[in-house]
Amino acid sequence: MKYITSTELQAWGKTKESQAYLPLLLRRLIINNIGFEHFEILNLPGGDSIWKPGCDGIIKTTINSILGDLGEYIIECGQSDKAKDKFKSDLEKRTQEIENQEYKVFVFITTHKFQNKKEIIENVKENSSWKDIKIFDADDIETWLDFDPATTSWLAYILEKPRNNGKSFEEIQSNWLASTKVPLDKNVILARADSTNTIEIVKSWSKNHDNRILQIRSDSREESLLFFMSSIEQFGFRTETIESIKSKIVIVYNIEEWRQIVETK
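Scoring rules and cut-offs
- Residues numbered from 1 in each chain as written.
- Predicted model: local features only at pLDDT ≥ 70, side-chain atom pairs only at ≥ 80, totals over all residues.
- Heavy atoms only, no water.
- Salt bridge = Lys/Arg side-chain N within 4 Å of Asp/Glu carboxyl O.
- Helix = DSSP H or I, 4+ residues; strand = E, 2+ residues; numbered from the N terminus.
- Buried < 20%, exposed > 50% of the residue type's maximum accessible area, 1.4 Å probe, protein only.
- Contact = heavy atoms within 4.5 Å.
- Polar contact = N/O pair within 3.5 Å; in protein donor to acceptor, adjacent residues only side chain to side chain.
- Phe/Tyr/Trp six-rings, centres within 6.5 Å; stacked < 30°, edge-to-face > 60°.

K.L.:
Go over the pattern of salt bridges with me, naming the residues and quoting the values.
P.N.:
A full pass over the atoms with the stated rule returns ten salt bridges. With a shortest N-O distance of 3.9 Å, E72 and K104 are connected by a salt bridge. Of this pair, E72 sits in strand 3 (residues 71-78) while K104 is found in strand 4 (residues 104-110), placing the two residues 32 residues apart along the sequence. Given the relative accessible area of 17%, E72 is considered buried. Owing to a relative accessible area of 14%, K104 belongs among the buried residues under this scheme. A salt bridge links D90 to K86; its shortest N-O distance comes to 2.5 Å. Here D90 and its partner K86 are both found in helix 3 (residues 83-97), four residues apart, which amounts to about one turn of the helix. What makes D90 buried here is its relative accessible area of 2%. Overlapping salt bridges, with partners in common, bring together E76, R94 and E97 in one network.

K.L.:
So, helix 5 (residues 138-146): which residues are in play, and what are the values?
P.N.:
Buried within helix 5 are the following residues: A138, D140, I141, E142, W144 and L145. Tucked inside the fold, the buried residues of helix 5 contact helix 1 (6-12), helix 2 (17-34), strand 4, helix 4 (117-125), strand 5 (132-136) and helix 6 (149-158). The opening residue of helix 5, the one whose side-chain oxygen lies 3.1 Å from the backbone nitrogen of D139, is D137.

K.L.:
Describe the packing of aromatic side chains, naming the residues involved and giving the relevant values.
P.N.:
Under the criterion given, the structure shown has eight aromatic pairs. A ring pair is formed by F87 and F108, whose centres lie 5.7 Å apart and whose planes are at 65°; its orientation type is edge-to-face. Of this pair, F87 sits in helix 3 while F108 sits in strand 4, placing them 21 residues apart in sequence. Its relative accessible area of 0% is what places F108 among the buried residues. Put simply, the rings of F87, F106, F108, F114 and W130 touch in pairs and so form one group of aromatic residues.

K.L.:
Describe the environment of D137, listing the residues and the values that go with them.
P.N.:
If you trace the backbone, D137 turns up in the loop between strand 5 and helix 5. Accessibility expressed as a relative area gives 2% for D137, which makes it buried. Along the sequence, D137 and H112 sit 25 residues apart, while their C-alpha atoms lie 5.9 Å from each other. Apart from residues no more than four positions distant in its own chain, D137 is found in contact with T110, H112, K113, F114 and K117. A distance of 2.9 Å separates the side chain of D137 from the backbone nitrogen of F114, its partner in a polar contact.

These results come straight from atomic positions and should not be treated as a statement about function.
Next comes the structure, spelled out in structure tokens:
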């Protein structure tokens, strides 16, 4: 059973909120698909940065990804029902602006369900100098989410979709910080006298991609979880590395949910 469907993505795409979050969603999906270390360029801003002029993003990978073969991709995003018109408009603008198109792939990604993608692409390719032209729509995003439980949990939180299990890093942390009348500082959990050595252990475990189970003992499960999450932000890693670690985290509370996640990997 699909947890987030293409129909839900299409409805979400009609909201103003999705304009800021769609690039962030795509960034998480692509990072989790190939790993941050396989990017030469990863420029796909979201949030307040979506209003910058120019294309919505530029990505250059050193291995194949969900976008296709390794190489450079010029990204444009669209949410409205008039996706076909926006695709053609964006393609025309970037064709006039971008140099060395024969080495680059133009990619249009939309939360809309795109009809006749193959036919539309074939028509515009006839007079195109791009290396390739691609369209990914709500059905494609739905498929990507099927294989990325951490991003699915994150998006479910954004969509305010009710659920019992499978929560994202951001949801757990934000709920905890807002649990008191005076909002907590996220570093308060690290204030214990014996925390420094444990932070170093967590850092080593994360940095070395250790496959062993990491056990953290504290007064409660919640404290152990929050300590781990807060530790990540104290590592001294690059912001992009910390973002990559966070985007892969999904918190589960029962064996059934764990089995579902394992089956998607």
